[in-house]
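# Residue-level structure breakdown
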Amino acid sequence: MALPPESIDKLLPLAQTIVVAEVLSVSSPPVAERDSLPNMPLGLGRKLPQATVRLKVERTLRGTAAAELEVVKPESTYALVPGITGPFLLDGERRILGRHGPDNYSVAAVTEALARGAR
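Our subject in this report is the structure included herewith.

Thresholds applied
Residues numbered from 1 in each chain as written. Predicted model: local features only at pLDDT ≥ 70, side-chain atom pairs only at ≥ 80, totals over all residues. Heavy atoms only, no water. Pairing = 2+ DSSP bridges. Helix = DSSP H or I, 4+ residues; strand = E, 2+ residues; numbered from the N terminus. Axes fitted to C-alpha atoms, helices over the stretch in contact; angles between N-to-C directions. Contact = heavy atoms within 4.5 Å. Core = buried A, V, L, I, M, F, W, Y, C linked by side-chain atoms within 4.5 Å. Buried < 20%, exposed > 50% of the residue type's maximum accessible area, 1.4 Å probe, protein only. Polar contact = N/O pair within 3.5 Å; in protein donor to acceptor, adjacent residues only side chain to side chain. Salt bridge = Lys/Arg side-chain N within 4 Å of Asp/Glu carboxyl O.

Before going further, it helps to examine the sheet that holds strand β3 (residues 68-73). Strand order in the open sheet formed by four strands is β3-β2-β1-β4, and the pairing between neighbours is antiparallel. The two strands at the open ends of the sheet, each matched to only one other strand, are β3 and β4 (85-90). With strand direction ignored, the average angle separating the axes of adjacent strands in the sheet is 50 degrees. Here helix α2 (residues 107-115) sits on the sheet in contact with β1 (17-27), β2 (51-62) and β4, set at roughly 55 degrees to β2.

A few words now on the nonpolar core. Membership of the largest hydrophobic core comes to 14 residues, with the highest contact counts inside it found for Val19, Leu55, Leu80 and Phe88. Only β1, β2, β3 and β4 provide two or more residues apiece to this core. Residues Ile8, Leu11, Leu89 and Ala113 belong to the second largest nonpolar core, which totals ten residues.

Turning to the environment of Glu68, a few remarks are in order. Within the secondary structure layout, Glu68 lies in strand β3. Residue classification places Glu68 among the partly exposed residues on the basis of a relative accessible area of 40%. A sequence separation of ten residues divides Glu68 from Glu58, and the C-alpha atoms of the two residues are 9.1 Å apart. Beyond its immediate stretch of four places on either side in the chain, Glu68 contacts Leu24, Arg54, Leu55 and Lys56. There is a polar contact of 3.4 Å between the side chain of Glu68 and the side chain of Arg54.

Close approach of charged atoms allows side chains of opposite charge to pair. Tallying each qualifying case throughout the model produces three salt bridges. Linking Arg116 and Asp9 is a salt bridge whose minimum nitrogen-to-oxygen distance equals 2.7 Å. Residue Arg116 is located in the segment after α2, and its partner Asp9 is located in helix α1 (residues 8-11); the two are separated by 107 residues in the primary sequence. Owing to a relative accessible area of 37%, Asp9 belongs among the partly exposed residues under this scheme. Here Glu112 makes a salt bridge to Arg116, at a shortest N to O gap of 3.7 Å. Note on Arg116: relative accessible area 48%, which makes it partly exposed. Through salt bridges with shared partners, one network takes in Asp9, Glu112 and Arg116.

Written out as structure tokens, the structure is:
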């Protein structure tokens, strides 16, 4: 079974910058066609390679950020494509935090956690 996302309270202390943003572009090596992938047990995903992601920042919830940012999506089981929007928690090296990417936490959940003092 796939691991659940980390608790927002565990990720916030690692996030130096938090932005609400839209993915503009993703630069990464091509991903193999699904037919060529080995059969895997249910719940296990194949890790996709690290990618460079260009974000258009709508607003900043923590730290400072330019109107556009270049960040790194680490090797992980999720993919990003242009048009995806949401809160991006970034460490000091502008790497996206979280096991499954920005789709795990709503903007409301992040702002609520920030308001209650999660650091």
